[in-house]
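# Notes for the structure review
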Number of protein chains: 2
Amino acid sequence: MYLEDFEVGQRFKTRAMSLDEPAIMDFARQFDPQPIHTDREAAAEGPYGGIIASGFHTAGVIFRLWIDLGLMLKSSLGGPGIEDLKWIAPVRAKDTLHAEIEVTEVRPSKSKPDRGIVRFQMEGFNQRNEMVISFVGITFIKVRPA
Amino acid sequence: MYLEDFEVGQRFKTRAMSLDEPAIMDFARQFDPQPIHTDREAAAEGPYGGIIASGFHTAGVIFRLWIDLGLMLKSSLGGPGIEDLKWIAPVRAKDTLHAEIEVTEVRPSKSKPDRGIVRFQMEGFNQRNEMVISFVGITFIKVRPA
């Protein structure tokens, strides 16, 4: 999909993906080494009663499911950032997450006629359909080649 | 450090950490499988003239450096989210990143007297001291135990 193919209100839904405890701990050891993510005993005593995934891990899983739809494979020029990332509910081992995405803004670039900016409201849900994360992704997207 | 130990304007600086190309590609294959992060030839033709790190990877590295300072090892209760994440400059293999953090808000929780909320302005820099990422991290932090 190129810039012209996106419009406000479009919705997309991804496949689901499960997280297991080794993956949760491996991610956390690299990027978020806090006992609540890496130490079963300490986490059991902590505020969530057990290991939960790093919020950065959850964000990565949701983003990956979005990328796997393949919609922007030829058109993405990367993104300037994300806004309003909220971790809403804990994610635990064996949770199965999917993402739902809504286009909330589409606008051509003022300075670069070959691209535009698209805002996506990204929401991640677990297997009980509880929202666990939400954020706004901003992406530069090419206009359709002539 | 507990809630009482934080005050607006405090600044912290982390050690530096290098990213190599295998780590960049490995992260991207798991969480951001776009050619610009995973395919050397495609990336060379792309907007950055080569492989760049996933922005989620950069965020994870900066957060990890922050956690490694160990300031909140006993006091963090996790966070409700992050705000205004900006990817400012590309991060490439062999770049060496460090983080600088400033406390921008400290307030007790209205509903839970055992904790408060601290906002941190997090900034990541490369070896040329160019800012590559910034975001606001929000963390629930315990008050000092009686």
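Residues numbered from 1 in each chain as written. Chains lettered and ligands numbered in written order. Predicted model: local features only at pLDDT ≥ 70, side-chain atom pairs only at ≥ 80, totals over all residues.

## Side note on the interface of chain A and chain B
Each partner contributes residues to the interface: chain A has 27 residues there, and chain B has 27 residues. Counting only elements with at least two residues in the side of chain A that touches chain B, the list comes to α1 (21-31), α4 (55-68) and β2 (81-87) of chain A. Ranked by the residues each element gives to the side of chain A that touches chain B, the list is headed by α4(A), at 8 residues. Grouping the amino acids of the side of chain A that touches chain B by side-chain chemistry returns 14 nonpolar, 8 polar and 5 charged. With 4 bridges joining them, β2(A) and strand β2 (residues 81-87) of chain B adopt antiparallel strand pairing. (Contact = placed C-beta atoms within 7 Å. Helix = DSSP H or I, 4+ residues; strand = E, 2+ residues; numbered from the N terminus. Nonpolar A, V, L, I, M, F, W, Y, C, P; charged D, E, K, R; others polar. Pairing = 2+ DSSP bridges.)

## Topic: the relation of the copies chain A and chain B
By a simple turn and slide, chain A fits onto chain B: the slide is 0.0 Å along the axis, the RMSD is 0.0 Å, and the turn is 180°. Overall, the copies show the geometry of a two-fold rotation axis. Nearest to the rotation axis, the C-alpha of Glu83(A) is located 2.7 Å from it, this being the minimum over chain A. When the interface residues of chain A are mapped onto chain B, 100% of them are again interface residues, pointing to one common binding face. (Least-squares fit on C-alpha atoms with pLDDT ≥ 70 in both.)

## Some details on helix α1 (residues 21-31) of chain B
Buried residues of α1(B): Ile24(B), Met25(B), Phe27(B), Ala28(B) and Phe31(B), and no others. Around the axis of α1(B), the buried residues are gathered within 165° of arc, so they sit on the same side. Contact partners of the buried residues in α1(B): α4 of chain A together with α2 (35-38) and α4 (55-68) of chain B. (Buried ≥ 20, exposed ≤ 12 C-beta atoms within 10 Å, placed from the backbone. Arc of directions from axis to C-beta.)

## Things to note about the sheet that holds strand β5 (residues 131-142) of chain B
The strand order β1(A)-β3(A)-β4(A)-β5(A)-β2(A)-β2(B)-β5(B)-β4(B)-β3(B)-β1(B) describes an open sheet built from 10 strands, whose pairing is antiparallel. Sheet topology places β1 (11-18) of chain A together with β1 (11-18) of chain B at the edges, where each strand pairs with a single neighbour. Averaged over all pairs of adjacent strands, the angle between strand axes in this sheet comes to 20°, irrespective of strand direction. Along the sheet face, α4(A) touches β1, β2, β3 (96-108), β4 (115-125) and β5 (131-142) of chain A and points at about 70° away from the line of β3(A). Where α4(B) meets the sheet, its contacts fall on β1, β2, β3 (96-108), β4 (115-125) and β5 of chain B, and the angle it forms with β3(B) comes to roughly 70°. (Axes fitted to C-alpha atoms, helices over the stretch in contact; angles between N-to-C directions.)

## Structural notes on the pairing of β5(B)
All names here are of chain B. Alignment of β2 against β5, held across 5 bridges, turns out to be antiparallel. Bridge pairing links Glu 83 to Val 136 in β5. Sheet analysis places β4 next to β5, joined by 11 bridges and oriented antiparallel. Counted as the bridge partner of Gln 121 is Val 136 from β5. The loop that links β4 with its antiparallel partner β5 comprises 5 residues; one of these, Asn 129, has a positive phi angle of about 65°.

## Examining the nonpolar core
If you look at the biggest cluster of nonpolar residues, it comprises 74 residues, and the most contacted ones within it are Ala59(A), Ile62(A), Trp66(A), Ala59(B), Ile62(B) and Trp66(B). Discounting chain neighbours no more than four positions away, the residues touching Trp66(B) are Thr14(B), Ala99(B), Ile101(B) and Met122(B). (Core = buried A, V, L, I, M, F, W, Y, C linked by C-beta atoms within 7 Å.)

## What about the confidence of the model for chain A?
Summarising the model, chain A shows a mean pLDDT of 96, and 100% of its residues fall at 70 or more. Under the prediction, the complex receives an ipTM of 0.96, its pTM being 0.96. (pLDDT = per-residue confidence, 0-100.)

## Topic: unusual backbone geometry
Residues and elements named next belong to chain A. A positive phi angle, close to 80°, is found at Lys 94, a residue other than glycine. In this structure, Lys 94 sits in the loop between β2 and β3. Given 10 C-beta atoms within 10 Å, Lys 94 falls into the exposed group.

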